[in-house]
Amino acid sequence: MLRQVAEGVLVHESEFCQSNAVVVQGRDGVLLIDPGVQDREMACLANDVSDLGQTVVAGFSTHPDWDHLLWHPSLGAAPRYGTARCAATVRDQLSDPGAKAEITAHLGPTGIADQVPLDLYGLITALPAETARIPWDGPHVRIIEHQAHAPGHAALFIEERGVLVAGDMLSDVLVPMLDLDDTADPIEDYLAALRLLEGVAGDVDALVPGHGSVGGADQVHARIERDRAYVLALREGHLPSDPRVGPSAKAGWEWVSDVHNGQAQRLARRSERDGTPGF
Ligand SMILES: [Zn+2]
């Protein structure tokens, strides 16, 4: 089911990890951002789009994590864009012939492995580095690229509609997940990305995170602050008091505490090794 969050901007929520697909109405069809995860959900989304009398004319993946790189045949053959760095990361991933089998294996514990279609996985067209807008015939969609969470991660700001599509940041259920593999200073990269989002926050009426609840204008600064407080606490090496971690986590999201513990430990090991401050 599509839910309107602003004029011409609709969200389709997946059961898996409360993933949000975003549909933006253009002149001759829609732009589809991060289509979703399970077969039947993407088929349902394709149906909803065709019920609107529309077709998908462009796709976009906010970042190169498996749950943002999927596609369904019924969504058609529109170009699917990502930042140059996102596309390069996916290409690299797929150069390993075992990559898809690895995703399926990784999904084992979720019980949805056989419902995640991988045939059209990761077919991303790179936008040239520094591209400021998605090339399509519709409202301007500004690309805010940064290096938090994953290489070439992009938030999208649909200025005329006041909608910020945040990718895997600013979630009410997931804590910031740092990219501990690809960058020299994951904490500073994350803080820099939050500053970029803060730069547009005043013009945001609806905030759509990759996972979690859509937030209104009143939520934007609060979520930025909460993510910043979390990241700063990680840097200082103390346990952040954060409603997304520990007993206050939402039902079904208890595993976020494990994510938190895992990254705290990895950061501690890293700073021990490098002799960097914190921990
Ligand atoms: Zn995700």
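See the structure shown above.
All residue numbers refer to positions counted from 1 along the written sequence of the respective chain. Only residues with pLDDT of at least 70 are given local features in this predicted model, and only at 80 or more are side-chain atom pairs given and counted; all residues enter the totals for whole chains, interfaces and linings. The side-chain quantities take in all heavy atoms of the structure and omit both hydrogens and water.

What follows deals with helix α2 (residues 84–94). If you check which residues of α2 are buried, you get C86, A87 and V90. Each buried residue of α2 sits inside an arc of 95° when the element is viewed along its axis, so together they form one side. For α2, the exposed residues set more than 90 degrees away from the buried face come down to R91 and D92. The contact criterion used throughout is that any non-hydrogen atoms of two residues lie within 4.5 Å. Under the scheme used here, helices are H or I runs from DSSP no shorter than 4 residues and strands are E runs no shorter than 2 residues, and both carry numbers assigned from the N terminus. On its buried face, α2 is in contact with β6 (80–83) and β7 (125–127). Each residue gets one of three labels from its accessible area relative to the maximum for its type: buried under 20%, exposed over 50%, partly exposed in between, using a 1.4 Å probe on protein chains only. The directions considered for the arc run from the helix axis to the C-beta atoms.

Turning next to the coordination of the zinc ion. With water omitted from the atoms examined, metal sites may look incomplete; donors here are N, O and S atoms no farther than 2.8 Å from the metal, or 3.2 Å in the case of Na, K and Ca. Listed as protein donors to the zinc ion are D67 (OD), H68 (NE2), D168 (OD) and H211 (NE2); their distances from the metal cover 2.1 to 2.4 Å. Angle rules define the geometry names used: all angles between 85 and 135 degrees makes four donors tetrahedral, while opposite donors over 155 degrees apart and all other angles between 65 and 115 make four donors square planar and six octahedral, leaving every other case irregular. Coordination at the zinc ion is irregular: its four donor atoms span angles of 83 to 165° at the metal. Counting the intervening residues between successive donors of the zinc ion yields the motif D-H-x99-D-x42-H. Of the two residues, D67 sits in the loop between β5 (56–60) and β6 while H211 sits in the loop between β11 (206–209) and β12 (215–216), which places them 144 residues apart along the sequence. With respect to class, D67 is no different from H211; both count as buried.

Any two strands with at least two DSSP bridges between them are considered paired. Strand order in the open sheet formed by seven strands is β1-β2-β3-β4-β5-β6-β7, with mixed pairing between adjacent strands. Each edge of the open sheet carries a strand with a single partner, namely β1 (2–6) and β7. For this sheet, the mean inter-axis angle between neighbouring strands, taken without regard to orientation, is 30°. Every angle, taken between N-to-C directions, lies between 0 and 180 degrees, and every axis is a line fitted to C-alpha atoms, over only the stretch in contact when it is a helix. Together, β1, β2 (9–13), β3 (20–25), β4 (30–33) and β5 form the strand contacts of helix α1 (residues 39–51), whose direction differs from that of β2 by roughly 155°. Set on the sheet, α2 makes contact with β6 and β7; between it and β6 the angle comes to about 105°.

What follows covers the pairing of strand β9 (residues 153–158). Most of β9 is tucked away: six of the six residues are buried. Where strand β8 (residues 141–146) meets β9, six bridges bridge the pair, whose relative direction is antiparallel. Its bridge partner being in β9, I144 is matched across the sheet by A155. Remark: six residues form the turn of the hairpin made by β8 and β9, two consecutive strands paired antiparallel; H149 in that turn has positive phi of roughly 70°. Pairing analysis gives three bridges linking β9 to strand β10 (residues 163–167), with the strands arranged antiparallel. Along β10, the bridge assignment pairs L156 with V165. Taking the residues between adjacent antiparallel strands as the criterion, β9 and β10 are bridged by four residues, where G162 takes a positive phi near 65°.

Phi at E130 is positive, roughly 75°, even though this residue is not glycine. Position of E130 relative to the elements: it lies in the loop between β7 and β8. For L170, which is not glycine, the phi dihedral falls at a positive 55°. Positionally, L170 belongs in the loop between β10 and α4 (186–201).

Side-chain pairs of opposite charge can arise where the charged atoms are in close proximity. The term salt bridge refers to a side-chain nitrogen of Lys or Arg lying within 4 Å of a carboxyl oxygen of Asp or Glu. Evaluated as defined, the whole model comprises ten salt bridges. Ionic pairing is found between R27 and D137, a salt bridge with its closest N-O pair at 2.9 Å. Taken together, the residues R27 in the loop between β3 and β4 and D137 in the loop between β7 and β8 connect sequence positions 110 residues apart. Between R195 and E188 there is a salt bridge, and its shortest N-O distance comes to 2.8 Å. The class for E188 is partly exposed, based on a relative accessible area of 30%. Taken together, the salt bridges that share partners define one network made up of E198, E225 and R228.

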